[in-house]
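Now for the letters of each chain:
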Amino acid sequence: MPPHGALPAPTLARLYAEADLLVWPAVNEAYGMVLLEAQAQGCPVVAGGYGGVPDVVRDGLTGRITAPGDAGALAGAIRDLAADPAARAALAAAALAFAREERSLARAAARLRDTLGACLA
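This section reports on the structure supplied with the text. (Residues numbered from 1 in each chain as written. Predicted model: local features only at pLDDT ≥ 70, side-chain atom pairs only at ≥ 80, totals over all residues. Heavy atoms only, no water.)

Notes on the pattern of salt bridges
Side chains that differ in charge, positive against negative, can pair when their charged atoms come close.
Line of reasoning, step 1. Counting across every chain of the model gives four salt bridges.
Line of reasoning, step 2. For Glu18, the salt bridge identified is with Arg14, shortest N-O distance 3.3 Å. Of the two residues, Glu18 and Arg14 both sit in helix α1 (residues 9-18), four residues apart, roughly one turn of that helix.
Line of reasoning, step 3. For Glu102, the salt bridge identified is with Arg107, shortest N-O distance 2.9 Å.
Line of reasoning, step 4. Among the residues examined, Arg107 registers a relative accessible area of 33% and is labelled partly exposed. (Salt bridge = Lys/Arg side-chain N within 4 Å of Asp/Glu carboxyl O. Helix = DSSP H or I, 4+ residues; strand = E, 2+ residues; numbered from the N terminus. Buried < 20%, exposed > 50% of the residue type's maximum accessible area, 1.4 Å probe, protein only.)

Some points on helix α4 (residues 71-82)
Line of reasoning, step 1. Between its terminal C-alpha atoms α4 stretches 16 Å, which fits the 16 Å expected from 12 residues at 1.5 Å a residue.
Line of reasoning, step 2. For α4, the complete set of buried residues consists of Leu74, Gly76, Ala77 and Leu81. Buried residues along α4 cover an arc of 160° about the axis, so they all sit on one side. The exposed residues of α4 that point more than 90 degrees off its buried face are Ala71, Arg79 and Ala82.
Line of reasoning, step 3. The inward-facing, buried residues of α4 contact β1 (22-24), β2 (45-48), β3 (63-66) and α5 (85-102).
Line of reasoning, step 4. Capping the start of α4, Asp70 holds a side-chain oxygen 3.3 Å from the backbone nitrogen of Gly72, two or three residues further along. (Expected span 1.5 Å × (residues − 1). Arc of directions from axis to C-beta. Contact = heavy atoms within 4.5 Å. Polar contact = N/O pair within 3.5 Å; in protein donor to acceptor, adjacent residues only side chain to side chain.)

Some remarks on the sheet that holds β2
Line of reasoning, step 1. Judged by pairing direction, the sheet is parallel, and its three strands sit side by side in the order β1-β2-β3 without closing on themselves. If you trace the sheet from one side to the other, it starts and ends with β1 and β3, each paired once. Along the sheet, successive strands turn relative to each other by an average axial angle of 10°, direction set aside. (Pairing = 2+ DSSP bridges. Axes fitted to C-alpha atoms, helices over the stretch in contact; angles between N-to-C directions.)

Side note on α5
Line of reasoning, step 1. End to end, α5 covers 25 Å across 18 residues, agreeing with the expected 26 Å (1.5 Å per residue, within 8%).
Line of reasoning, step 2. The complete set of buried residues in α5 reads Arg88, Leu91, Ala92, Ala94, Ala95, Phe98 and Ala99.
Line of reasoning, step 3. Of the surrounding elements, those touching the buried residues of α5 are α2 (33-39), α3 (53-56), β3 and α4.

Re a nonpolar patch on the surface
Line of reasoning, step 1. A contiguous nonpolar surface patch, about 340 Å² in accessible area, is contributed by Leu112, Leu116 and Leu120.
Line of reasoning, step 2. For Leu112, the position within the fold is in helix α6 (residues 105-120). (Patch = residues over 30% accessible without salt bridge, like charges linked within 9 Å, V, L, I, M, F, W, Y side chains within 5 Å. Areas by Shrake-Rupley, 256 points an atom, 1.4 Å probe, with all protein chains shown as cover.)

Observations concerning the side chain of Thr62
Line of reasoning, step 1. Tracing the backbone shows Thr62 in the loop between α3 and β3.
Line of reasoning, step 2. Side chain to side chain, Thr62 and Gln39 meet in a polar contact 2.7 Å long.
Line of reasoning, step 3. Setting aside residues up to four positions removed in sequence, Thr62 forms contacts with Gln39, Pro44, Val45, Val57, Leu91, Ala94, Ala95 and Phe98.

Here it is, written out as structure tokens:
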């Protein structure tokens, strides 16, 4: 697929939803918002386990995390999932559920409310 440059949110969401995998080596990745965006559209992730990536990708459940900088492991995870449509489908379903249930705005607001409530009590 050719590079697209900056895209409006609906177009980006459609591309994630149409993709089989999002591959992200995650070099110096602080949080990985792109990984969460992809999962919110049911796109499983293969990423390097740097920084905050393990906080937004559940290895073996919503995607695969490989050792940081290990190109062979990243390639192997891609190869394994490319050859296994059923595994990709399972990861996609779990990714969608995780992003929408665990990382939704409503869930974040509830956590913040609980934390601030405890501090103010």
